[in-house]
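Spelled out, the chains give:
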Amino acid sequence: MMAKVEDNLLASQARALAAEKQVNALQQELAAARLLANRNVSMGVDNATVSEMRGQFLEVRSKAQLASSQLRQAAQDAEGHIRHLVQGVGVLVDVSAMLATMDRITTIYDQQ
């Protein structure tokens, strides 16, 4: 069970890293699109080109929002897995304490 939780945690971390890389790539793409748009506006580009660039900009924004959402979900999943793992550790500590108590009780009973 612990191995499964750890595997889920590692998978969540991998998804988070992939989403973070995607966000960085999209931010760079967005910055390049903005720079290009500013250059074209200053050069007097026609409305059709500006409209096309605006569409590309909106597409990049949409991709960035999707990547952000995926990254947030991966972080929430990882947090849940960590909580589950910590609860499992608590259960193991409790079981260990019970077994130690049981061992003491049986030792006392055997001596009498």
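Residues numbered from 1 in each chain as written. Predicted model: local features only at pLDDT ≥ 70, side-chain atom pairs only at ≥ 80, totals over all residues. Heavy atoms only, no water.

*Asks:* With reference to specific residues and values, describe the pattern of salt bridges.
*Replies:* In total, this model carries three salt bridges according to the counting rule given. Note that Asp77 and Arg15 form a salt bridge whose closest N and O atoms lie 3.1 Å from each other. Taken together, the residues span a long stretch of sequence, with Asp77 in helix α2 (residues 47-111) and Arg15 in helix α1 (residues 2-42) at a distance of 62 residues. Judged by its relative accessible area of 40%, Arg15 falls in the partly exposed class. Arg83 is paired through a salt bridge with Glu79; the nearest N and O atoms lie 2.8 Å apart. In this pair, Arg83 and Glu79 are both assigned in helix α2, four residues apart and thus about one turn of the helix distant. The class for Arg83 is exposed, based on a relative accessible area of 53%. (Salt bridge = Lys/Arg side-chain N within 4 Å of Asp/Glu carboxyl O. Helix = DSSP H or I, 4+ residues; strand = E, 2+ residues; numbered from the N terminus. Buried < 20%, exposed > 50% of the residue type's maximum accessible area, 1.4 Å probe, protein only.)

None of this, on its own, says anything about what the molecule does.
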